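The residues making up each chain are set out below.
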Amino acid sequence: MIKTLPMTPSHEQMANAIRALAMDAVQKANSGHPGMPMGFADVATVLFTQHLKFNPDDPLWPDRDRFVLSAGHGSMLLYSALYLLGYTDITLEEIKNFRQLGSRTAGHPECDPAAGIEMTTGPLGQGLATAVGMAMGERLLSARYGADLIDHHTFVVASDGDLMEGISHEAISLAGHLKLSKLIVLFDDNHISIDGPLSLSESGDTLGRFKAANWAATRIDGHDGQAISAAIEHAKSSDRPSLIACRTTIGFGAPHKQGTAASHGAPLGEEEVAAARNKLGWEAPPFEIPDEILNAWRTAGAKAKPAHDAWVIRLAGLAPEERREFERTLNGDLPEGLARALDDFRQHLATQAPTWASRKASQEVLEVITRAVPEAIGGSADLTGSNNTRSSTQSAITPDDFSGRFIHYGIREHGMAAAMNGMALHGGVIPYSGTFLVFADYCRPAIRLSALMKQRVIYVLTHDSIGLGEDGPTHQPVEHLASLRAIPGLNVFRPADAMETAECWQLALEAKDTPSIIALSRQGLPALRTTYAEDNLCRRGAYELLPATSTSRVTLLATGSELSIAVAARDILQADGIGARVVSMPCWELFDAQPLGYQAETLGANQIRIAIEAACPMGWDRFIGPQGAFIGMTSFGASAPAEDLYEHFSITPQAVAAAARARL
């Protein structure tokens, strides 16, 4: 039997509950990071029991405070707190199954808001940068709906590693510029990295860096409960984002390993766990929490219930239309009028047949979307006039006014991508923003997390090939489409004209659980779809654009700006008596999801298949087969006018026709 505690549990006993669960779970799994949760347990206890606004009975409450564990390796800190506070999805059994297949307690916290887990933060720096987006989401929705409905803080626990990553510089700079005063970062200042003392690789002035970026910054003893609470309370009233550097001892309580890298990323070992229990005065067996301590935690978990209930009453008191709009937006549903507006626009395109660059077509589509979808929040990484991501209806947000709907991110592509993840996770916002396709490399870790977390984030990536011309190979993407198509759960769209651009935008907006890339041209493109079709033809990922006028022997597959080359090559082959058809493939991922029969019919049986794309050939083999050919790039580009580059690299109708003839 566990000895009954004689009085209300102390702060130290409450914090030791986290330490004990962390030690036990890591030891049982024989895998994990006990040092961080043991070292940061005092800060977490104060934050969760005294300051954080949440309701375990309604974990998706829109006005809850957001908590991001950017130091995601210390995941047992979060899992322990969620169990202790009464989140029903994080049970003691889940904690016992830490890091096991199918458990809710993965090695690094994944996106599971119903269980109290706001986002995945495995790659260091991502949590901090994503939290900036969450704080932006709070400001945006508060400006739209008022503080009676949206008024909460975003808290982050960050490690030394988070603050070393380059993305942290972009994130703190953006947050400071925007005066995100409801963003509070609790820095686990334990002076230890995996390799050993932090002094091996870092000697900078962390507080000075944050202050220079327009943050409030202070340092406290991370094991002094009163100092922790006072610092958080002060930060909540700041007029700028706040950093609280909490000086802690990693592995606090482990007598032989605390304060060393040995406690960071491996189980403490049975002897050290026993010694830590003795030092901490923790007598309960593994995975058992004394009733008095558990009850105190559960009482703390219910502290915001009156605030939650009052919020529910305020929501119910809204005018019916206003409440429906709020709930629609927070649920991520699209407005009813969007489909009709886009359909009208597609009819207009069929009549006008514009020869816009697809980036220009995208801007025209956004004129329709931003009028119909008020929660669509655009932006650009200092390329607004090139990406064409700002519509005439969008004013820019400023540090003092978040009523706008366009964000100037500056040259912070990685921070921009992570911030969009944060806005999407916050809810009530559909973020999209632009840069050049070649700079997707700067965004890639955040794009991967968009897919892993199944967030509707739309990346508008323009200047998508050698067609951008004179800027040369540093700016001309070659391998980028293939590398993005390799990310699971990411739709990569490359529309060929204005009609396809409108259709791809519609599909990206409708993909509630999937991020999208929309790759767009710098150069003008001919209108290839000049007949209105009620169906969105891009919905199936690929479709026959032009049939053969005689028995088909060749199928030409293409995306984007090269689709017009395929059409011209078809004309050449047809003139030579060779039946050829053209298939547009704007989204491989949607095509892969189609029935096998449709795929086979679209690709064509007993055909010579030629693929045309001004990019590397990776991935095309599965469509063209061993007898097929690829016309595209096998090297970096060059600096020259676009038309000269297409000739130089033999991406021409004549080259396509010749490749087909050679294989017949």
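Residues numbered from 1 in each chain as written. Predicted model: local features only at pLDDT ≥ 70, side-chain atom pairs only at ≥ 80, totals over all residues. Heavy atoms only, no water.

**Overview of the packing of aromatic side chains**
Turning to step 1, where the next piece is worked out: For the structure shown, the criterion picks out 17 aromatic pairs.
Turning to step 2, where the next piece is worked out: Aromatic side chains Tyr 145 and Phe 326 sit 5.0 Å apart centroid to centroid with 90 degrees between the ring planes, which places their arrangement in the edge-to-face category. Note that Tyr 145 is positioned in helix 5 (residues 126-145) and Phe 326 in helix 13 (residues 320-331), a separation of 181 residues in sequence. Like Phe 326, Tyr 145 is buried.
Turning to step 3, where the next piece is worked out: A connected cluster of aromatic rings, assembled from ring pairs, spans Trp 588, Phe 591, Tyr 598, Trp 620, Phe 623 and Phe 630.
Turning to step 4, where the next piece is worked out: Note that Arg 540 overlies the ring of Tyr 598, its terminal NZ or CZ placed 3.7 Å from the centroid. (Phe/Tyr/Trp six-rings, centres within 6.5 Å; stacked < 30°, edge-to-face > 60°. Helix = DSSP H or I, 4+ residues; strand = E, 2+ residues; numbered from the N terminus. Buried < 20%, exposed > 50% of the residue type's maximum accessible area, 1.4 Å probe, protein only. Lys NZ or Arg CZ within 6 Å of the ring centre and 35° of its normal.)

**Focus: the sheet that holds strand 8 (residues 376-380)**
Turning to step 1, where the next piece is worked out: Overall, parallel pairing links the 6 strands, which are arranged 9-8-10-11-13-12 in an open sheet. Since the sheet does not close on itself, it has two edges, and those belong to strand 9 (406-408) and strand 12 (491-493), each with one partner. Averaged over all adjacent pairs, the angle separating strand axes in this sheet is 20 degrees, with direction ignored.
Turning to step 2, where the next piece is worked out: Of the pairings in the sheet, the one linking strand 8 to strand 9 comprises 3 bridges and is parallel in character. The residue bridging Gly 379 from the neighbouring strand is Ile 407, located in strand 9.
Turning to step 3, where the next piece is worked out: Each of strand 8, strand 9, strand 10 (430-436) and strand 11 (458-462) is contacted by helix 17 (residues 413-426), which is oriented at about 165 degrees to strand 10, the strand it contacts most.
Turning to step 4, where the next piece is worked out: Contacts from helix 20 (residues 498-510) reach strand 10, strand 11, strand 12 and strand 13 (516-519) within the one sheet, and its direction differs from that of strand 11 by about 150 degrees. (Pairing = 2+ DSSP bridges. Axes fitted to C-alpha atoms, helices over the stretch in contact; angles between N-to-C directions. Contact = heavy atoms within 4.5 Å.)

**What to know about the pattern of salt bridges**
Turning to step 1, where the next piece is worked out: In total, this model carries 35 salt bridges according to the counting rule given.
Turning to step 2, where the next piece is worked out: Close ionic contact of Glu 138 with Lys 182 constitutes a salt bridge, the shortest N to O distance being 3.1 Å. Here Glu 138, found in helix 5, pairs with Lys 182, found in the loop between helix 7 (166-178) and strand 3 (183-189); they are 44 residues apart in sequence, far enough to count as distant.
Turning to step 3, where the next piece is worked out: Here Glu 138 falls in the buried class, since its relative accessible area comes to 1%.
Turning to step 4, where the next piece is worked out: We note a salt bridge from Arg 323 to Glu 327, for which the minimum N-O separation is 2.9 Å. With Arg 323 and Glu 327 both in helix 13 and 4 residues apart, this pair spans about one turn of that helix.
Turning to step 5, where the next piece is worked out: The exposure class of Arg 323 is partly exposed, given its relative accessible area of 30%. (Salt bridge = Lys/Arg side-chain N within 4 Å of Asp/Glu carboxyl O.)

**Looking at the nonpolar core**
Turning to step 1, where the next piece is worked out: Counting residues in each nonpolar core, the largest one holds 79 residues, and the members touching the most others are Ile 369, Trp 505, Ile 610 and Ile 651.
Turning to step 2, where the next piece is worked out: Examining the composition of this core, we find that 8 residues originate from one element, helix 20, more than from any other.
Turning to step 3, where the next piece is worked out: Contact partners of Ile 369, with chain neighbours within four places excluded, come to Leu 338, Leu 342, Ala 376, Trp 505 and Leu 509.
Turning to step 4, where the next piece is worked out: Core analysis: the second largest hydrophobic core is formed by 74 residues, Leu 149, Ala 418, Leu 437 and Ala 451 among them. (Core = buried A, V, L, I, M, F, W, Y, C linked by side-chain atoms within 4.5 Å.)

**Quick look at a negative patch on the surface**
Turning to step 1, where the next piece is worked out: On the surface, a cluster of negative charge is made up of Glu 470, Asp 471, Glu 643, Asp 644 and Glu 647.
Turning to step 2, where the next piece is worked out: Its location among the elements puts Glu 470 in the loop between strand 11 and helix 19 (480-485).
Turning to step 3, where the next piece is worked out: You can call Glu 470 partly exposed: its relative accessible area is 45%. (Patch = residues over 30% accessible without salt bridge, like charges linked within 9 Å, V, L, I, M, F, W, Y side chains within 5 Å. Areas by Shrake-Rupley, 256 points an atom, 1.4 Å probe, with all protein chains shown as cover. Lys, Arg positive; Asp, Glu negative; His and termini not counted. Charge placed at Lys NZ, Arg CZ, Asp CG, Glu CD.)

**Looking at the packing of helix 14 (residues 337-352) against helix 15 (residues 358-372)**
Turning to step 1, where the next piece is worked out: Look at helix 14 against helix 15: their axes get within 9 Å of each other, and the N-to-C directions meet at 155 degrees. The orientation of helix 14 relative to helix 15 falls into the category roughly antiparallel. For the element pair helix 14 and helix 15, the recorded crossing hand is right-handed. Between helix 14, through Leu 338, Ala 341, Leu 342 and Phe 345, and helix 15, the contact on the second element is made entirely by Glu 364, Val 365, Val 368, Ile 369 and Ala 372.
Turning to step 2, where the next piece is worked out: Split into classes, the residues belonging to the contact of helix 14 with helix 15 amount to 8 nonpolar, no polar and 1 charged. (Parallel < 35°, antiparallel > 145°, perpendicular 65-115°, else oblique. Left-handed = near helix turned anticlockwise from the far one by under 90°. Nonpolar A, V, L, I, M, F, W, Y, C, P; charged D, E, K, R; others polar.)

**Some words on the state of the cysteines**
Turning to step 1, where the next piece is worked out: Enumeration over the complete set of coordinates arrives at 0 disulfides.
Turning to step 2, where the next piece is worked out: Here Cys 111 stays free of any disulfide, with the sulfur of Cys 443 as its closest cysteine sulfur at 20 Å.
Turning to step 3, where the next piece is worked out: Note on Cys 616: no disulfide assigned, nearest cysteine sulfur contributed by Cys 587 at a separation of 17 Å.
Turning to step 4, where the next piece is worked out: Residue classification places Cys 616 among the buried positions, given a relative accessible area of 14%. (Disulfide = S-S within 2.5 Å.)

**What to know about the pairing of strand 2 (residues 154-158)**
Turning to step 1, where the next piece is worked out: Within strand 2, 5 of the 5 residues are buried, leaving the element largely enclosed by the surrounding structure.
Turning to step 2, where the next piece is worked out: Residues Thr 154, Val 156 and Ala 158 line one face of strand 2 and the alternating positions Phe 155 and Val 157 line the opposite face, and both faces are buried.
Turning to step 3, where the next piece is worked out: One ladder, built from 4 bridges, connects strand 1 (residues 66-69) with strand 2; its direction is parallel. Within the sheet, the bridge partner assigned to Arg 66 lies in strand 2 and is Thr 154.

**Thoughts on the sheet that holds strand 17 (residues 608-613)**
Turning to step 1, where the next piece is worked out: In spatial order, the strands read 14-16-15-17-18; together these 5 strands make up an open sheet with mixed pairing. Edge positions in the sheet fall to strand 14 (543-546) and strand 18 (629-632), since each of these pairs with one other strand and no more. Taking each pair of neighbouring strands and ignoring which way they run, the sheet shows an average axis angle of 30 degrees.
Turning to step 2, where the next piece is worked out: One ladder, built from 4 bridges, connects strand 17 with strand 18; its direction is parallel. The residue bridging Ala 611 from the neighbouring strand is Phe 630, located in strand 18.
Turning to step 3, where the next piece is worked out: Each of strand 14, strand 15 (552-558), strand 16 (579-584) and strand 17 touches helix 21 (residues 563-575); the most contacted strand, strand 16, lies at about 170 degrees to it.

**What about the environment of Asp 343?**
Turning to step 1, where the next piece is worked out: Tracing the sequence through the fold places Asp 343 in helix 14.
Turning to step 2, where the next piece is worked out: On the accessibility criterion, Asp 343 (13% relative accessible area) is buried.
Turning to step 3, where the next piece is worked out: The contact partners of Asp 343, leaving out residues within four places of it in the chain, are Tyr 532 and Glu 534.
Turning to step 4, where the next piece is worked out: Only 2.6 Å separates the side chain of Asp 343 from the side chain of Tyr 532, close enough to count as a polar contact. (Polar contact = N/O pair within 3.5 Å; in protein donor to acceptor, adjacent residues only side chain to side chain.)

**Remarks on unusual backbone geometry**
Negative phi characterises most residues that are not glycine, and trans characterises most peptide bonds.
Turning to step 1, where the next piece is worked out: The phi dihedral of Arg 99 is positive, around 65 degrees, even though this residue is not glycine.
Turning to step 2, where the next piece is worked out: Mapped onto the fold, Arg 99 is located in the loop between helix 4 (92-96) and helix 5.
Turning to step 3, where the next piece is worked out: Note on Arg 99: relative accessible area 26%, which makes it partly exposed.
Turning to step 4, where the next piece is worked out: The phi angle at Ala 353 is positive, at roughly 50 degrees, despite the residue not being glycine.
Turning to step 5, where the next piece is worked out: Tracing the sequence through the fold places Ala 353 in the loop between helix 14 and helix 15.

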